[in-house]
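Observations on the model geometry
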Amino acid sequence: MKTEAEDRAREVAITAIIKIGPEHDPAVLTLAEEARKLRDYAAVRVIATDIDLKPATEDLSIIARVKKALAEKKADYLKPIKAHIDAVSAAFLSITAPLDEADTITRNKVKDYRAAVEKRRLEAEEINRQKQELARRETAFHGTGEITVDTAPVEAPAPVNRVFTDLGTASMMKVKKWELVDFKAVPDEFKLLDSGKITKLVKAGGTIPGIRVYEEESIRVTTR
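Rules used in this analysis
Sequence order as written defines residue numbering, which begins from 1 separately in each chain. Confidence filtering applies because this is a predicted model: local features only for residues at pLDDT of at least 70, side-chain atom pairs given and counted only at 80 or more, and all residues used for totals across whole chains, interfaces and linings. Remark: hydrogens and water are excluded; side-chain values derive from all non-hydrogen atoms of the structure. In this text, helices come from DSSP runs of H or I with a minimum length of four residues, and strands from runs of E with a minimum of two, each type numbered from the N-terminal end. A radius of gyration in this sense is built from C-alpha atoms; the matching globule rule multiplies 2.2 Å by the number of residues raised to 0.38. Between buried and exposed lies partly exposed: a residue is buried under 20% and exposed over 50% of the maximum accessible area for its type, with that area taken using a 1.4 Å probe on protein chains only. By the convention used here, residues are in contact when the closest approach between their heavy atoms is within 4.5 Å. To estimate how far a helix should extend, the number of its residues minus one is multiplied by 1.5 Å. The arc in question is traced by the directions running from the helix axis to the C-beta atoms. Two N or O atoms count as a polar contact when they lie within 3.5 Å, although within protein this holds only if one can serve as hydrogen donor and the other as acceptor, and sequence-adjacent residues are included solely when both atoms are side-chain atoms. Here the aromatic set is Phe, Tyr and Trp, taking the six-membered ring for Trp, and pairing holds for ring centres within 6.5 Å; pairs whose planes are under 30 degrees apart are stacked, those over 60 apart are edge-to-face, and all others are tilted. Cation placement over rings: the criterion is NZ of Lys or CZ of Arg within 6 Å of the ring centroid and within 35° of the ring normal. The patches described consist of residues with a relative accessible area above 30% and no salt bridge, like charges being joined within 9 Å and nonpolar side chains (Val, Leu, Ile, Met, Phe, Trp, Tyr) within 5 Å. Per-residue and other accessible areas follow the Shrake-Rupley method at a 1.4 Å probe size, with only the shown protein chains counted as cover for residues. Any carboxyl oxygen of Asp or Glu that lies within 4 Å of a side-chain nitrogen of Lys or Arg is treated as forming a salt bridge with it. Take the seven residues that end at a residue and the seven that start at it, fit an axis to each, and the angle between those axes is the bend at that residue. Each residue carries a pLDDT score, the predictor's confidence in it, ranging from 0 to 100.

Considerations on the overall build of the protein chain
The helix and strand tally for the protein chain stands at 4 helices and 2 strands. Along the protein chain, from the amino end to the carboxyl end, the secondary structure elements read α-α-α-β-β-α. Over its C-alpha atoms the protein chain spans a radius of gyration of 37 Å, topping by over 25% the 17 Å that the globule rule assigns to 224 residues. When its C-alpha atoms are laid out on the principal axes, the protein chain stretches across 115 × 75 × 30 Å. For the protein chain, with 224 residues in total, the buried portion stands at 8%.

Shown next, in the form of structure tokens:
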């Protein structure tokens, strides 16, 4: 019989403690208040001379610092949750693996059986075709219409496209898929641009036919 201590230990082992309610966290609230003040300052700010750039730059630095602090606080809340989700996902991946294997094995065996039935059906059709061809040739050879060869058709197995059981139904269906065989022949509307590759080449000073390269001002903010 398990003791109370053992039950408590088991409960601790399977229980995750996470922080919730960042909107009530004093540290987060302080940063939120600072963010609102910065927003209000920005709303009324006027930049009319070079001198006005200095306080604006200082505020941009403060904004970057507050963003970083909030991102760190957010990570504090999300990291345990993500770790928990990853752990649960990994556990269930291992648990469900045998089911996935069983599903794949069974489906493949059903497909193999249906492929064998289809092969026999095609063979039966070919035999029947050859029988009819032989009968036609014999008729032409004798010139009397007499046929002595066996023209009785070989029974071709019919594939089963739907199976009903008390537990469920399996229906066979055709699913269209695709694979690339000639990229040049593909219409332009189905070709996608590799944004990452193009950006890397443009940043390195390269050009690409059909791509306009231009410059746009951006402000980079560094904090100390």
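Observations regarding the side chain of Lys 131
Along the polypeptide, Lys 131 turns up in helix H3 (residues 53-142). You can call Lys 131 buried: its relative accessible area is 19%. Among residues more than four places away in sequence, those in contact with Lys 131 are Asp 150, Thr 151, Ala 152 and Val 154.

Let's talk about helix H2 (residues 26-44)
Counted at 1.5 Å a residue, the expected span for H2 with its 19 residues is 27 Å, and the 28 Å between its end C-alpha atoms agrees. Among the residues of H2, those classed as buried are Val 28, Leu 31 and Leu 38. Looking down the long axis of H2, one finds its buried residues gathered within 80° of arc, a one-sided arrangement. Facing away from the buried side of H2 by over 90 degrees, the exposed positions are Pro 26, Thr 30, Ala 43 and Val 44. Against the buried residues of H2 lie H3. For H2, the N-terminal capping position is held by Asp 25, with its side-chain oxygen 2.9 Å away from the main-chain nitrogen of Ala 27.

Description of the packing of aromatic side chains
For the coordinates displayed, the defined rule picks out 0 aromatic pairs. Stacked on the ring of Tyr 77, the Lys or Arg Lys 19 has its end atom at 4.7 Å from the ring centre. Against the face of Phe 183 rests Lys 191, its NZ or CZ located 4.8 Å from the ring centre.

Considerations on a nonpolar patch on the surface
On the surface, a nonpolar cluster with roughly 260 Å² of combined accessible area is contributed by Leu 60, Ile 219 and Val 221. Tracing the backbone through its elements, the reader meets Ile 219 in the segment after helix H4 (195-203).

Some remarks on H3
Compared with an ideal rise of 1.5 Å per residue, which puts 90 residues at 134 Å, H3 spans 109 Å between its outermost C-alpha atoms and falls more than 12% short. The sharpest bend along H3 measures roughly 40° and falls at Thr 96, with the proline Pro 98 sitting one to four residues further on. Check the buried side of H3 and you find it contacts H2. Among the residues trailing H3, Gly 143 stands out with phi positive, at a value near 70°.

Overview of the side chain of Asp 25
Positionally, Asp 25 belongs in the loop between helix H1 (4-13) and H2. Of the residues examined, Asp 25 reaches a relative accessible area of 14% and is grouped as buried. There is a polar contact of 2.8 Å between the side chain of Asp 25 and the side chain of Tyr 77. In contact with Asp 25, not counting residues within four places along its chain, are Lys 73 and Tyr 77.

What about the confidence of the model for the protein chain?
The predicted coordinates should not be examined in detail at positions where pLDDT is low. On average, residues of the protein chain score 87 in pLDDT, and 93% of them reach the 70 mark or higher. When mean pLDDT is compared element by element in the protein chain, H2 scores highest at 95, while H1 scores lowest at 56.

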